[in-house]
Amino acid sequence: EVAAQQAAAARRQAQREAEARALAARLANMTLTLRARVGAQGRLYGAVTAADIADALGRELGVPFDRRRLVLEEPIRELGTHTVPVHLARDITASLTVRVEPEA
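What you see is a predicted model, and the numbers here were worked out from it, not measured in a lab.

Trainee: Tell me what's going on with the overall build of the protein, and back it up with residues and numbers.
Mentor: On a plain count of helices and strands, the protein comes out with 2 helices and 5 strands. Helices (α) and strands (β) of the protein occur, in sequence order from the N terminus, as α-β-β-α-β-β-β. For the protein, the C-alpha radius of gyration of 17 Å lies well beyond 13 Å, the compact-globule estimate for 104 residues. Expressed along its principal axes, the backbone C-alpha trace of the protein runs to roughly 65 × 20 × 20 Å. The long-range share in the protein, meaning contacts at least 24 apart out of those at least 6 apart in sequence, stands at 52%. Accessible area of the protein: about 7100 Å², with a carbon and sulfur share of 46%. One finds the centroid of the 15 positive side-chain charges in the protein at a distance of 2 Å from the centroid of its 13 negative side-chain charges.

Trainee: Give a description of helix H1 (residues 2–28) that names residues and reports values.
Mentor: Between its first and last C-alpha, H1 extends 39 Å over 27 residues, near the 39 Å set by a 1.5 Å rise per residue. Buried residues along H1 sit in contact with helix H2 (50–61), strand S4 (80–89) and strand S5 (92–102).

Trainee: Got a sec to walk through the sheet that holds S4? Specific residues and values, please.
Mentor: On the basis of which strands lie adjacent, the open sheet formed by 3 strands has the order S1-S5-S4 and mixed pairing. Strands at the two margins of the open sheet, each flanked by one partner only, are strand S1 (31–36) and S4. Going across the sheet, the axis of each strand differs from the next one's by a mean of 35°, ignoring polarity. As paired elements, S4 and S5 share 9 bridges and run antiparallel to each other. If you follow Val84 over to S5, its bridge partner there is Leu96. Running at roughly 30° to S5, H1 makes contact with S4 and S5 of the sheet. In this fold H2 packs onto S1, S4 and S5, with an angle of close to 125° to the strand it touches most, S1.

Conventions and cut-offs
- Residues numbered from 1 in each chain as written.
- Predicted model: local features only at pLDDT ≥ 70, side-chain atom pairs only at ≥ 80, totals over all residues.
- Heavy atoms only, no water.
- Helix = DSSP H or I, 4+ residues; strand = E, 2+ residues; numbered from the N terminus.
- Rg over C-alpha atoms; globule rule 2.2 N^0.38 Å.
- Contact = heavy atoms within 4.5 Å.
- Areas by Shrake-Rupley, 256 points an atom, 1.4 Å probe, with all protein chains shown as cover.
- Lys, Arg positive; Asp, Glu negative; His and termini not counted.
- Charge placed at Lys NZ, Arg CZ, Asp CG, Glu CD.
- Expected span 1.5 Å × (residues − 1).
- Pairing = 2+ DSSP bridges.
- Axes fitted to C-alpha atoms, helices over the stretch in contact; angles between N-to-C directions.

As structure tokens, then:
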């Protein structure tokens, strides 16, 4: 019985890792575009936080995305293209490209 439980746990872990690798490949090819209010100097009024990125990513993927998976040292406060590491599993980390553009 113990061996069967260990085998089932190993299968579940392998399934989670396969899903994480597929998501990592999808994120590596994705550019997420966010719009934010900008002042005269080209600086954002607020900041783009991990929660903002997770919400947009969840809408893009069609499933809720946990903001704690995003490894964002500090909020994004400038326009442009930024690379955000995404921790998906124990040894699987993807890089997501986030483009911050001014609101029209």
